[in-house]
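# Fold and contact review
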Amino acid sequence: MMKTIMRNLFVAAGFMFAVSVSAQETAPKASVSDFHVGDTIVIKKDHERYLTGEKMSKWVYDVEHTIQQVRGKRFPEGILIRGIYSWVGPDDILNKSTHPQEAVANQEAKKQAEEQAKQEAEQAAAEEEARRAAARKAHQDSIQAAQEETARQDSIQAAQEEAARQDSIAAATAAAIAAAETARQDSIAQAEEQQRKDSVRQAERDSLLNAFYNQKDDPIYIIDKEQNPNQVCNRFTIGLRGGAASLLQGMEDAFKDGKWNVGFDVMLDLQYAHYWKKFGKKMQYGLIVGLGAGFARSHVSGAINDNFRINTSEGAIDYTVTSEKVKEYDGQIQLEVPLMFSMIHENGFFMNIGPRFTLPVYDVYNQSITKPDINAMLYPEEVPVKNELVTGVVKDDQAESTGKWNASKLNVMLGAEIGYEFKFRNHNSLGLGVYGNYSLYSLYKANDKASSIIDITEAPSTGKNAVVTVIPATDAYGKSVGYFDVGLKLAYHFNWWKEVKK
């Protein structure tokens, strides 16, 4: 079948080549004078290269082209084709404007050859499909026969398994009956032994009671259960906590449409705790002290729309400063001293609550202003100046400023922690929980003397660019700076238990 298909394809290709050659041989010998600028031409299929030596692409043969130029300095007997911008010879092309019959014959011959090749290919495909259908049917017949044989074998195997299952049930029933009888005999023996022990125990109790009543000078006290002494625990804890935090910047006067954004904090805790537990109680109570160290950060964002005046020796200047994107990041390295009351249930749940004393030791800010626009009005001339030297325009697309801000010297927070402890065989434990802290009192005092987020500090009369100084929002407008954080805490506890008898 494959040989038949290949033979048909070769016949079709040969026919197409013969028709194309015949059509082109009938075309008359052409010269450059037979062609004019603007004529419509087609390129002959048997010509593969331009006069420049470059090989023609396949797509150029099946479309019509327009003559751009006839004869050139480099190719006196050449024709330049528009769109391709390459030179061809007069024998390489057919002029549809002057020889339409030859061009049409060339196209018709090509179409007939393609149609015949298509029909022969379709006939070969149909024969191949018929062969595949016969093969599929034979394959399906063999599969059906295999399935019937498999079903017969499965039926035989199922019958054998059912017989084996009946035998197994009979054996299991006999074994269960024997085991039940053995268990009944053992139960009777255990009941008789327990009755004997109870009678002996009762006799001993009666003897003790008789001795108690008959010998009053030397009484014997019966204690059914020994009393547990008090227990105390000393604990050393290494903990790591982190989550969301905020420095609560007060920036309502600093930015137009300002927005506060939550930040983060990371803290390392080293703590000592003392717990005690009295007899009969399920709860341990204790006090926690220690030291924590970490970093907290948050930021504000907004825009600038500010107006202010600077008086110079030459007159007053009214500045207008605008920017659509302003951000300030405030951060601090801080120490914490907790003093918290703690409760731990015997099932592992715990709660800690109490004050935390926060001491910031290093505070920084970083502010950026993207694409600021600074304009000025000069008096007494009342001349507006836009983004020139006198206005202090920022050359870069983004101005940045970093520095240290005047943060709180002491921050008193109310903290709480809840979670669960996993106890280990070595008496230590691992705690996992959530925490939250909120500032109740702060010694921070804001500096409100600044009147603008951007300060023009260089006088225009010097002939230099005015310097743009970024004033931090926290330092200038932080009227309500405080602190809060919330997150997860992971802690490992080293526990030393000790019994204290009454």
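Residues numbered from 1 in each chain as written. Predicted model: local features only at pLDDT ≥ 70, side-chain atom pairs only at ≥ 80, totals over all residues. Heavy atoms only, no water.

Here we come to the pairing of strand β15 (residues 429–442). Strand residues, when the strand is regular, have side chains that alternate between the two faces of the sheet. Across 13 bridges, strand β14 (residues 411–423) lies against β15 in antiparallel orientation. Within the sheet, the bridge partner assigned to L414 lies in β15 and is Y438. (Pairing = 2+ DSSP bridges. Helix = DSSP H or I, 4+ residues; strand = E, 2+ residues; numbered from the N terminus.)

In this section: the nonpolar core. In terms of nonpolar packing, the biggest core is built from 14 residues, with F35, I43, M56, V60, V88 and I93 touching the most fellow members. Secondary-structure elements contributing two or more residues to this core are β1 (40–43) and β3 (79–81). Apart from the residues within four sequence positions on either side, I93 is in contact with F35, I41, V42, I43, K44, I79 and V88. I317, Y319, V321 and I374 belong to the second-largest nonpolar core, a separate cluster that totals nine residues. (Core = buried A, V, L, I, M, F, W, Y, C linked by side-chain atoms within 4.5 Å. Buried < 20%, exposed > 50% of the residue type's maximum accessible area, 1.4 Å probe, protein only. Contact = heavy atoms within 4.5 Å.)

Relative to the assigned elements, D265 resides in strand β7 (residues 256–277). The class of D265 is buried, set by a relative accessible area of 1%. Separated by 20 residues in sequence, D265 and A245 place their C-alpha atoms 5.7 Å apart. Those residues in contact with D265 that sit more than four places away from it in its chain are R241, G242, G243, A244, A245, F295, A296, Y435, Y483 and D485.

A few words on the confidence of the model for the protein. Averaged over all residues, the pLDDT of the protein equals 78, while 72% of them reach at least 70. For the protein, per-element mean pLDDT is lowest for helix α1 (residues 2–25), which scores 49, and highest for β14, which scores 93. Overall, residues 218–228 carries pLDDT values under 50, and its contacts beyond four positions in sequence, including any with other chains, amount to four contacts. Ignoring residues within four places in sequence, the model shows residues 446–451, a span with pLDDT below 50, making 14 contacts including any to other chains. (pLDDT = per-residue confidence, 0-100.)

Here we have five strands laid out as an open sheet, ordered β4-β3-β2-β1-β5, and antiparallel in their pairing. On the outer flanks of this sheet lie β4 (87–88) and β5 (93–95), each paired with one strand and no other. Across three bridges, the pairing between β1 and β5 is antiparallel. Note on β5: the bridge partner recorded for V42 is L94.

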